[in-house]
Structure formats: C-alpha cells, structure tokens
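Residue strings, one per chain:
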Amino acid sequence: MKIETKCLHEGYERKNGDPGALPIVQSTTYVFDSTQHIADLFDMPTECMYSRFANPTVDAVEKKIAALEGGAAAMCTTSGQAASLLSVLNLCNAGDSILAVSSLYGGTINLFAVSLKKLGIKCIFVDPEATDEELQNALEPNTKLVFGETLANPALNVFDIERFANFAHKNKIPLIIDNTFPTPILCRPIEFGADIVVHSTTKYMDGHALQGGGVIVDSGKFDWTNGNFPEFTEPDESYHGVVYSETFGNIAYIIKARMQLMRDFGCYPAANSAFLLNLGLETLAVRMERYCKNALAVAEFLQNNENVESVSYPGLKSDKYYERAQKYLPNGTSGVISFVIKGGRERATRFMDALKLASREVHVADIRTCVLHPASMTHRQLTDEQLVAAGINAGMIRFSVGLENVDDILDDIKQAFANS
Ligand SMILES: *Cc1c(COP(=O)(O)O)cnc(C)c1O
C-alpha cells in the first residue's frame, strides 16, 4: 500500500460484520474465561489486559502509525513530552548520558537539560552541524543514544539523519528522531537509518487542535544484544524474569517500554483520544499536501517583503537547508515558517497583535493559521545563549500556515505589516 492508502486502511482490521469506523473501546478492563489465560498474557501480552498500558482502540492507532513510519511496533503516550521522556528512559539509567543536538523543540531541551539531570541522566548537547570528529569527541563511554529532530521547531533546520545514524551505529548506540513536523507523510526517518522515531501527535497528526498525544515507533532494526544494553539481555526481575531480546525479538524495545515504563508511569491515552487521533491520521496525507503548498506560497511572499529581515523555510530554493530538504523532505517541508521581522522584539509583538485571521496561540501545526513568538512564549525559559544555539532570534515569529485559502492568509499578513 502507498502511504495515502495506509492512512485509511492500516491499523483497524475489519472482519465480516464489524463496524466500518474504528470502535471506541471505552473500558478499563477485559474479561477472560480462565485464570490460566490471564497468566499466559502476563508471559506474552498478545491481548489487552488493562487500559493503563494497552487498549484496542489505541492499539489500532499504534499499528497504523507503525505502518506509516515503516516501523515494527509503536506505543502511544498522552503527550509528545511523555514520548520523548520514555524513549530515553527505556535505554538510560542514572549515571548514563545521551547525546542530543542543540536545535530541538524548547520543551525537549528543558526535559533533557533540567529534568533528566535530576534523574542522574546527563545530556551532552552538540551543534547539529558538528563534524563526525567533534561528535566522536563529545561522546562518553556511558552515552546510550543520539537524539535529533528532523525539522527543528522552531528554527526549521533540517537534520542530517543519515550521517547521525551512521555515527550512532559506528558507536553501537541507536538514533532517536523526533519527526513531529514532517509526519511520516513527508519524511520517514527509519528509511535513513533512524532506530526509534517519536512524535508529538498533538500537531499535524491530530491535525485539528483537539487533544495532546505522543507516540514512540520502534524500527525493529537495532541490535540490543550488542553488549551496550544489558537490560535487554538480562532477566527483568520486575517482570518475572523476562529477557526482552529473547522473548520479543525485533519488538523488544516497545514491549520493554510498555511493560516496564508504561506499566509503572501510566501515561497512556484514553480510547476516545485514540479515536480522535485516528480521524486526523485518516486525512493526514491530503492535509500535509495542502499545508506545504500554502506555506511555500506564504514563504515566497515573505522572502521578497520589505518588512522581513529573513525567512526560514527549507522548501525555499534560497534556504540554507534546501539541498538537504530535497533529500529528506522532497514532497514538502510542512506548514511551518519562521521569519524575523524588521524592528525586533517589539515589532514582532505588534505584528502578531495586528493579525486578524491568524490566531495567537501556544500551538503549531493547527488546522487554522496560527502564530507564536518563541522568545516570549515557548522558549521563554531558555537563556540568551540557549536561544542562539536553538537558532532563535528575538524578532522571530513562528508562522504556522493553516488550510484556509492562501489568498486570505496573505491578505491578513499584508494588513498586519501595514498596521504594526
Ligand atoms: C510540541 C512538540 C513536542 C512536545 O509535544 P507535546 O505533545 O506538546 O507534549 C515535542 N517535539 C516537537 C517537535 C514538538 O513540536
């Protein structure tokens, strides 16, 4: 199946007489004929037992997203933050470190730099354009993974997935990619060597600004028995001595995340949330095409405008990342544009306040056009130094182009320039 078809047909398998639409299984529990059956499920969780870590509606969505990304299995979470957190905790203990590029979503930087540190996990930040030699020098003996973001929010630099995958694999550790902005419609990191993919489904996947969510996708390709990950090859005492890599083969990573972390932390979405997410996924391919088309037109307008200092949109031929985007995102670079308005921080806020169609909100990748000022909003917690490292200027506006008629979006921008 091509990806547009997968959006509609993967996940929920309909048998004779089944409901046509994905059913919402709103139940915390599942009943079984015998005690032995339940005991067997503890050994091999092939059916749902309890909705803190598995539910049939969520399961169908997990299967769909795994298929879209070309992965072996997936696990949904209640937010993108939870997905990023669990993707790391599944591989690291106190005393370990991770290597992450500095051009990440602000919330991820905070999670890695501040909260993981409290848990005893150190994050080594590196420049996304660092040479292989610099990367090698930054690595420590206890570094368990490399983390990057395909299309950084909000700097919009394109991450060189393949190069970082080769670097990680040379060091026998996996590459985790946050693929939120492109979605699997525009980029499938596993095809370029990524081992684990995470998403905030809150953005384009949900697509309608209805609910938060996240997902972790396991490529099924990483060799956890290479000696660096004893938790996969030694018995888990908290799970009656299971050896994940032996019992679960190529889905060991996701099963471990589910049976250890989701079991213990319980940040699992409700069935109703998965149902709504599935609605978004069904139209994802069609929507992404339109977002990209609208955003390219807006980016082209902005790049020639006298009110604008610079525009970042990797789909623009003049963009620093255009060549790389042609490799990783040949069908478009999402609906998100970052631009720096002339007049700095104050003009940026005046422009934002003058917009009439576009809404000011703490969101991105909404179905409707929306704007945000990173320096005073999402990235407020970053120091000036971290702001620069994350590629953010105080006059930068993150403009998330929606699915409206593009002429209306352009008219709104024009009048806001004139009135700010
Ligand atoms: C929004 C976002 C997150 C965090 O997701 P939530 O669903 O808000 O927790 C992580 N990564 C990227 C790239 C994002 O845009």
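Presented here is a report on the structure given in the accompanying data block. Note that the structure is a prediction, hence the values are computed from the model and not measured.

## Here's the deal with the site of the ligand
Piece 1. Lining the immediate surroundings of the ligand are 13 residues, of which Gly80, Asp178, Ser200, Thr202 and Lys203 lie closest.
Piece 2. At a separation of 2.8 Å, an oxygen atom of the ligand approaches a polar side-chain atom of Ser200.
Piece 3. One of the side-chain N or O atoms of Thr202 is found 2.6 Å from an oxygen atom in the ligand.
Piece 4. Across the complex, the protein chains shield 90% of the 380 Å² of accessible surface that the ligand would expose by itself.
Piece 5. Among the residues making up the shell around the ligand, the classes are represented as 2 nonpolar, 8 polar and 3 charged.

## Comments concerning the sheet that holds strand β4 (residues 143-149)
Piece 1. With respect to topology, 7 strands assemble into an open sheet ordered β1-β7-β6-β5-β4-β2-β3, the strand pairing being mixed. Edge positions in the sheet fall to β1 (73-77) and β3 (122-126), since each of these pairs with one other strand and no more. Ignoring which end each strand starts from, the neighbouring axes of this sheet average 20 degrees apart.
Piece 2. Pairing of strand β2 (residues 97-101) with β4, which is carried by 3 bridges, proceeds in the parallel orientation.

## Some details on the environment of Leu175
Piece 1. Locating Leu175 in the fold gives a position in strand β5 (residues 175-178).
Piece 2. Along the chain, Leu175 and Phe53 lie 122 residues apart, while their C-alpha atoms are 25 Å from each other.
Piece 3. In contact with Leu175, not counting residues within four places along its chain, are Val146, Phe159, Ile161, Phe164, Ala165, Ala168, Ala194, Asp195 and Ile196.

## Describing the sheet that holds strand β10 (residues 359-360)
Piece 1. Strand order in the open sheet made by the 5 strands is β8-β9-β12-β11-β10, with mixed pairing throughout. The open sheet has two edge strands, β8 (308-312) and β10, and neither has a second partner.
Piece 2. Two elements, strand β11 (residues 370-372) and strand β12 (residues 396-400), share 3 bridges in a ladder whose sense is antiparallel. Residue pairing in the sheet places Cys370 in a bridge with Ser400 of β12.

## Overview of the packing of helix α3 (residues 56-69) against helix α12 (residues 271-282)
The relative placement of two packed helices is expressed as an angle between their axes plus a distance between the axes.
Piece 1. At their nearest, the axes of α3 and α12 sit 8 Å apart, and the two run at 35 degrees to each other. Along this stretch, α3 crosses α12, giving a crossing that reads as left-handed. Touching Thr57, Val58, Val61, Lys64, Ile65 and Leu68 of α3 are Ala271, Ala274, Phe275, Leu277, Asn278, Leu281 and Glu282, all from α12.
Piece 2. Looking at side-chain class alone, the contact of α3 with α12 contains 9 nonpolar, 2 polar and 2 charged residues.

## Focus on the nonpolar core
Generally speaking, nonpolar side chains in soluble globular proteins are found buried as a group.
Piece 1. The biggest cluster of nonpolar side chains holds 140 residues, and the ones touching the most others in it are Phe112, Leu175, Val298, Ile337, Phe339 and Phe399.
Piece 2. A per-element tally of this core places helix α13 (residues 284-303) first, with 9 residues.
Piece 3. Looking at which domains feed residues into this core, each of domain 1 (16-279) and domain 2 (286-418) supplies at least three.
Piece 4. Apart from residues lying up to four places away in sequence, Phe339 is in contact with Leu302, Val308, Ser310, Val311, Phe351, Gly395, Met396, Ile397, Phe399 and Phe417.

About the cut-offs
- Residues numbered from 1 in each chain as written.
- Predicted model: local features only at pLDDT ≥ 70, side-chain atom pairs only at ≥ 80, totals over all residues.
- Heavy atoms only, no water.
- Near = heavy atom within 4 Å.
- Polar contact = N/O pair within 3.5 Å; in protein donor to acceptor, adjacent residues only side chain to side chain.
- Areas by Shrake-Rupley, 256 points an atom, 1.4 Å probe, with all protein chains shown as cover.
- Nonpolar A, V, L, I, M, F, W, Y, C, P; charged D, E, K, R; others polar.
- Pairing = 2+ DSSP bridges.
- Helix = DSSP H or I, 4+ residues; strand = E, 2+ residues; numbered from the N terminus.
- Axes fitted to C-alpha atoms, helices over the stretch in contact; angles between N-to-C directions.
- Contact = heavy atoms within 4.5 Å.
- Left-handed = near helix turned anticlockwise from the far one by under 90°.
- Core = buried A, V, L, I, M, F, W, Y, C linked by side-chain atoms within 4.5 Å.
- Buried < 20%, exposed > 50% of the residue type's maximum accessible area, 1.4 Å probe, protein only.
- Domains from an automatic or database assignment.

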